Amino acid sequence: MSTPTVLITGGTSGIGRACALAFGRAGYQVAITGRDEARLASTAQVLTAAGIVHLTVRADVGDETAAARAVRETVARFGGLDVLLNNAGISMRARFQDADLEVIKRLMQTNFFGTVFTTKFALPHLLASRGSIVGISSIAGYRGLPGRTGYSASKFAMNGFLEALRLE
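Source: prediction; values computed, not measured. (Residues numbered from 1 in each chain as written. Predicted model: local features only at pLDDT ≥ 70, side-chain atom pairs only at ≥ 80, totals over all residues. Heavy atoms only, no water.)

Asker: Got a sec to walk through the pairing of strand β4 (residues 83–86)? Specific residues and values, please.
Answerer: Two faces belong to every sheet, and in a regular strand the side chains alternate between them. With burial as the criterion, each face of β4 is covered, one bearing V83 and L85 and the other bearing L84 and N86. Sheet topology note: the strand β1 (residues 5–8)/β4 ladder contains 3 bridges and is parallel. Of the residues in β4, the one forming a bridge with I8 is L85. In this view, the connection linking β4 to its parallel neighbour strand β5 (residues 132–135) by way of helix α4 (residues 101–129) has right-handed handedness. (Buried < 20%, exposed > 50% of the residue type's maximum accessible area, 1.4 Å probe, protein only. Helix = DSSP H or I, 4+ residues; strand = E, 2+ residues; numbered from the N terminus. Pairing = 2+ DSSP bridges. Right-handed = clockwise from strand over helix to strand, strands pointing away.)

Asker: Describe the environment of R77, listing the residues and the values that go with them.
Answerer: Here R77 is to be found in helix α3 (residues 64–78). With 22 residues separating them along the chain, R77 and L55 place their C-alpha atoms 7.9 Å apart. Only 3.2 Å separates the side chain of R77 from the backbone oxygen of H54, close enough to count as a polar contact. (Polar contact = N/O pair within 3.5 Å; in protein donor to acceptor, adjacent residues only side chain to side chain.)

Asker: Which residues make up the packing of aromatic side chains, and what values do they have?
Answerer: One pass over the full model with this rule turns up 4 aromatic pairs. Aromatic pair F112 and F161: ring centres 6.3 Å apart, planes at 90°, arrangement edge-to-face. With F112 in helix α4 and F161 in helix α5 (residues 149–167), this pair connects stretches of sequence that are 49 residues apart. Judged by relative accessible area, which is 17%, F112 ranks as buried. Among the aromatic residues, those joined into a cluster by ring pairs are F112, F113, F117 and F161. A cation over a ring is seen here: R148 above Y151, with NZ or CZ 4.6 Å from the ring centre. (Phe/Tyr/Trp six-rings, centres within 6.5 Å; stacked < 30°, edge-to-face > 60°. Lys NZ or Arg CZ within 6 Å of the ring centre and 35° of its normal.)

Written as structure tokens, this is what we have:
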């Protein structure tokens with residue numbers, strides 16, 4: 001049996017970094033994406049120190065081409081994919097009347113389309129391995145929160161997408 005592989009988007013801090021360590025300690029090969037080269041390097045040092053086989057991919061998964069490349073590099077390096085953990089996300093806090101529409105567009109691009117793009121490219125590999133897709137969401141994806149209109153919308157969209165995909 002080959003070593004299982006996980007791809008974690010937004011794996012350079014917080015929940016993503018913690019999941020990278022947890023999966024690595026559970027025996028997975030770990031690929032992480034992130035936009036910031038310094039944070040990728042920092043997380044790579046942590047994973048190396050823990051003895052975890054890993055790959056870092058500088059990619060903004062809200063960009064379709066970058067999401068495809070992240071999956072392609074993961075599969076090329078490790079020979080397959082068993083778990084996709086859609087974790088990449090950004091947030092905002094502002095009343096809607098004060099919100100910058102460009103920020104809301106960026107939230108949707110990262111939180112929703114980042115999940116859609118990465119899942120689309122990972123799906124053939126996950127079907128082949130009978131793998132799993134995970135989405136890191138928020139209570140804001142189930143209940144609208146004041147001051148979080150854009151964030152709530154992006155998480156509602158992500159949850160709806162993943163629920164429909166699960167049913168398929």
